[in-house]
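Observations on the model geometry
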Protein chains: 2
Amino acid sequence: MSDPKIRNMEDFAAVSGISRPTVSKYFNDPDSVRKSTREKIEAALKKHNYRPNIYAVNQNRRQTKNIGLVVPNLTDPFFAGIARTIEGLIVKAGFNPLLLSSHGGPEQEIANLDSLRSIKPAAVLLAPLGRASLDEQVAEFAREVPTVLFDANLDNVGEAFFGSDNEQSVNLIVEYLCRSGEAPAFFEVRQPINPNAYKRRTAYKAAMERLGHEPHLIQVDGQGWNFEEIGFREGARVLTSRKLPTNTILCSNDRLAIGLLSAAYENGIRVGLREGDALRIAGHDDHPFSRFTCPSLTTVSQNYDAIAARSVETALLLIESKERMKTREETLFEGKLEMRGSA
Amino acid sequence: MSDPKIRNMEDFAAVSGISRPTVSKYFNDPDSVRKSTREKIEAALKKHNYRPNIYAVNQNRRQTKNIGLVVPNLTDPFFAGIARTIEGLIVKAGFNPLLLSSHGGPEQEIANLDSLRSIKPAAVLLAPLGRASLDEQVAEFAREVPTVLFDANLDNVGEAFFGSDNEQSVNLIVEYLCRSGEAPAFFEVRQPINPNAYKRRTAYKAAMERLGHEPHLIQVDGQGWNFEEIGFREGARVLTSRKLPTNTILCSNDRLAIGLLSAAYENGIRVGLREGDALRIAGHDDHPFSRFTCPSLTTVSQNYDAIAARSVETALLLIESKERMKTREETLFEGKLEMRGSA
DNA sequence: TATAGAAATTTACGCGCGTAAATATTGTAA
DNA sequence: TTACAATATTTACGCGCGTAAATTTCTATA
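Summary of the structure given here. A quick note: this is a predicted structure, and the numbers were derived from the prediction, not measured.

The subject of this paragraph is the interface of chain B and chain A. The extent of an interface is frequently quoted as the accessible surface area lost upon association of the parts. Listed per partner, the contact involves 40 residues of chain B and 40 residues of chain A. Approximately 3,800 Å² of surface area, both sides summed, lies buried where chain B meets chain A, with 60% of it carried by carbon and sulfur atoms. Contact with chain A buries surface across chain B, with Tyr55, Tyr265 and Phe292 of chain B losing the most and accounting together for 22% of the total. Where chain B meets chain A, there are two salt bridges. In this structure, Arg51 of chain A and Asp114 of chain B form a salt bridge, with 3.0 Å as the shortest nitrogen-oxygen distance. At the junction of chain B and chain A, the tally comes to 10 residue pairs in polar contact (both at pLDDT 80 or more). Secondary-structure elements contributing two or more residues to the side of chain B that touches chain A are helix 4 (54-60), helix 5 (77-92), helix 10 (227-241) and helix 11 (254-266) of chain B. Residues that form the side of chain B that touches chain A fall into these classes: 17 nonpolar, 13 polar and 10 charged.

Right, dumping it as structure tokens:
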């Protein structure tokens with residue numbers, strides 16, 4: 001840009017004709033200096049494109065401008081989407097998001113929190129895996145760093161939780177399925193990784209009983225996050241070998257449903273609402289791809305814009321007040337029925 | 001853990017009975033100190049769980065241990081997958097990966113590079129968007145920071161490039177389609193965001209001509225990264241309104257194909273290889289979901305394990321040698337045919 | 001034009017660590 | 001035991017910035 005190499009704030013202050021402490025003030029808050037001063041600095045900024053050394057800044061500031069964001073699995077488009085939304089909100093608030101994925105593993109989750117610790121974030125947004133084994137370590141982290149949970153709740157961990165009202169959403173789709181056809185069976189993995197899955201199972205049973213139907217769980221074996229694979233493999237077994245008590249299947253999540261749809265297709269079982277269709281399949285979450293399955297997947301969408309917004313909002317509040325919450329807030333948002341072709 | 005609060009390396013050195021400079025040496029390389037010293041430090045480490053302040057460390061070290069990783073769009077499972085693989089390799093090498101997504105926008109890409117700059121990474125792995133408008137800024141970045149490109153190439157930018165051999169892979173699938181049925185038309189967006197898309201178009205034309213067929217491009221309008229949406233919307237128009245010159249369509253990527261499959265389904269057009277199927281559809285990339293479409297998608301897989309491995313390897317080499325490459329390396333890996341149900 | 005209050009400057013210190021040079025201590029081999 | 005090399009310690013400085021206190025300069029109002 002210009003001749004004299006700008007090595008630090010000292011140099012930059014010199015070329016801009018302002019003292020270093022004032023320049024420092026400017027970078028912490030441009031509006032905290034006089035307009036004429038601000039203009040001088042910004043003029044110099046255009047010429048020399050200097051930026052404060054982030055390490056020196058963070059070493060001396062009481063608080064960093066970093067906000068950690070930990071999701072269970074970035075290869076799941078659902079979490080990729082919500083992560084992106086949250087990132088945007090964090091940036092808009094003038095903070096620096098640090099996105100980490102736990103890749104489905106509790107150890108990685110702990111490792112993520114550990115590496116966040118060393119970055120000294122002002123706050124952390126965490127969508128926990130919810131594996132009991134390591135929950136105490138997560139809780140310990142949340143005691144050290146202001147933490148907001150989202151998507152999945154852990155009892156009494158963090159300052160607040162924002163997620164979906166599984167009871168409401170499952171009830172919504174069960175009711176819909178019951179009034180539009182046969183009562184659904186519930187398709188899920190036997191030992192889910194996600195705490196929400198347990199809530200959905202319970203909610204399914206309750207909804208069925210309330211409506212005067214007998215719940216029917218189809219629990220299949222499967223580990224990890226390959227839900228499509230599990231849904232496909234185990235779905236094929238269920239569809240071909242077992243006698244289904246109903247022609248309607250509600251899946252614990254959309255990714256299972258996608259696998260199950262594929263299994264049905266491979267086995268020549270027509271899914272949908274049209275004349276001659278033999279099976280109805282519904283999901284939960286409104287996965288980005290669920291509108292492009294064949295047939296398109298009827299499901300319940302989560303209000304993740306609201307979840308993202310409130311989570312970030314709360315984290316910013318914690319940062320601003322420099323205090324912890326007096327009472328832990330738990331807010332559940334309602335799901336919305338997405339009626340499509342599969343059920 | 002213990003009574004005396006450890007605030008810094010000074011304190012920690014005191015409780016471990018070792019001098020601070022030696023402790024500093026230990027943290028830079030545990031093997032650089034005598035075994036008995038190492039054991040003392042590690043004993044203290046277990047008691048007090050001290051960790052060096054990362055900001056102070058990075059301020060003073062000549063080089064950070066950070067490696068930047070920028071992908072075009074994390075909500076695309078393809079990139080989420082390769083990002084995860086690369087992250088793992090970086091961690092294994094003892095470095096700290098910083099994952100950023102450009103969310104499909106060139107401005108965001110520049111913003112990402114900008115924020116990486118302030119983190120002073122030892123190297124950066126970049127899968128560029130390849131929008132001509134801002135390429136010069138990317139090139140400028142690569143001149144400042146050792147940069148390895150992957151997935152998409154930019155002429156003469158960065159120290160090396162690793163990606164797929166689109167010519168080979170497209171040729172592979174065109175040949176397969178031609179010998180197993182009618183020659184394919186090529187379905188793509190008119191003005192792709194991805195440089196690879198142009199290469200594939202060219203490769204398609206060349207392959208067709210070599211095989212004695214007339215190329216047929218089906219170019220549709222569409223902006224951004226909603227490929228499924230584009231494939232669905234425009235695919236429906238093409239399938240219903242236009243006279244297709246062939247019963248076989250090769251899509252520029254799997255996500256377009258997923259949308260197109262959905263459009264075909266909605267319009268009652270049976271896709272596949274079975275008796276009575278009216279259309280064959282093939283894709284490119286081997287998207288994680290492509291084996292669960294209905295029917296499962298025939299496509300070409302990219303060797304992204306190799307791409308990831310070589311990219312990281314090269315970045316580490318650059319870091320170690322503290323030099324730039326003498327000659328810019330470009331390595332293309334071959335695709336593999338994934339024969340499934342759709343073509 | 002005088003004057004109070006706001007803003008900028010000067011001066012100075014500290015953050016936690018890397019790193020270098022000189023010195024002291026340890027370990028190893030003859 | 002001696003002697004030499006490998007390690008550790010002591011001492012000291014610097015990195016780039018935040019921040020505080022005292023002082024000076026500026027701006028707005030009477």
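Having seen it, we continue.
Next up on the list: the packing of aromatic side chains. Within the structure shown, the criterion is met by 22 aromatic pairs over all chains. Between Phe292 of chain A and Phe232 of chain B, the ring centres sit 5.9 Å apart and the planes meet at 65 degrees, which makes this aromatic pair edge-to-face. Remark: Phe232 of chain B occurs in helix 10 and Phe292 of chain A occurs in the loop between strand 9 (280-282) and strand 10 (299-301); the pair is interchain, linking two chains. Aromatic pair Phe78 of chain B and Tyr304 of chain B: ring centres 5.8 Å apart, planes at 75 degrees, arrangement edge-to-face.

Now for the protein's contact with DNA strand C. Taken together, 26 residues lie around DNA strand C, and Thr37 and Asn60 of chain A together with Met9, Ser24 and Tyr50 of chain B are the ones closest in. Here DNA strand C approaches the protein such that, of its atoms within 4 Å, sugar and phosphate make up 66%. A distance of 2.3 Å separates a base oxygen of DNA strand C from a polar atom in the side chain of Asn60 of chain A. At 2.3 Å, a backbone N or O of Met9 of chain B approaches a phosphate oxygen of DNA strand C. Those elements giving two or more residues to the surface near DNA strand C turn out to be helix 2 (20-28) and helix 4 (54-60) of chain A together with helix 2 (20-28) and helix 4 of chain B.

As a further point, take the side chain of Thr147 of chain B. Residue and element names in this part refer to chain B. Following the sequence through the fold, Thr147 ends up in strand 4 (residues 147-150). You can call Thr147 buried: its relative accessible area is 1%. Side-chain polar atoms of Thr147 contact the backbone oxygen of Val145, separated by 2.7 Å. Sequence-distant contacts of Thr147, that is, excluding residues within four places in its chain, are made with Val124, Leu126, Phe141, Ala142, Gly158, Glu159 and Ala160.

Relating one copy of the chain to the other takes a rotation about an axis and a shift parallel to that axis. Of the transformation placing chain B onto chain A, the axial shift is 0.1 Å and the rotation is 180 degrees, giving an RMSD of 0.2 Å. Both copies of the chain, as the preceding transformation shows, are related through a two-fold rotation axis. Among all C-alpha atoms of chain B, that of Tyr55 of chain B lies closest to the rotation axis, at 2.4 Å. The overlap is high: 100% of the interface residues of chain B also sit at the interface in chain A, so the same surface is used on both sides.

Calculation criteria
Residues numbered from 1 in each chain as written. Chains lettered and ligands numbered in written order. Predicted model: local features only at pLDDT ≥ 70, side-chain atom pairs only at ≥ 80, totals over all residues. Heavy atoms only, no water. Contact = heavy atoms within 4.5 Å. Buried area = accessible area lost by both parts, 1.4 Å probe. Salt bridge = Lys/Arg side-chain N within 4 Å of Asp/Glu carboxyl O. Polar contact = N/O pair within 3.5 Å; in protein donor to acceptor, adjacent residues only side chain to side chain. Helix = DSSP H or I, 4+ residues; strand = E, 2+ residues; numbered from the N terminus. Nonpolar A, V, L, I, M, F, W, Y, C, P; charged D, E, K, R; others polar. Phe/Tyr/Trp six-rings, centres within 6.5 Å; stacked < 30°, edge-to-face > 60°. Near = heavy atom within 4 Å. Buried < 20%, exposed > 50% of the residue type's maximum accessible area, 1.4 Å probe, protein only. Least-squares fit on C-alpha atoms with pLDDT ≥ 70 in both.

Distances and angles like these do not, on their own, reveal function.
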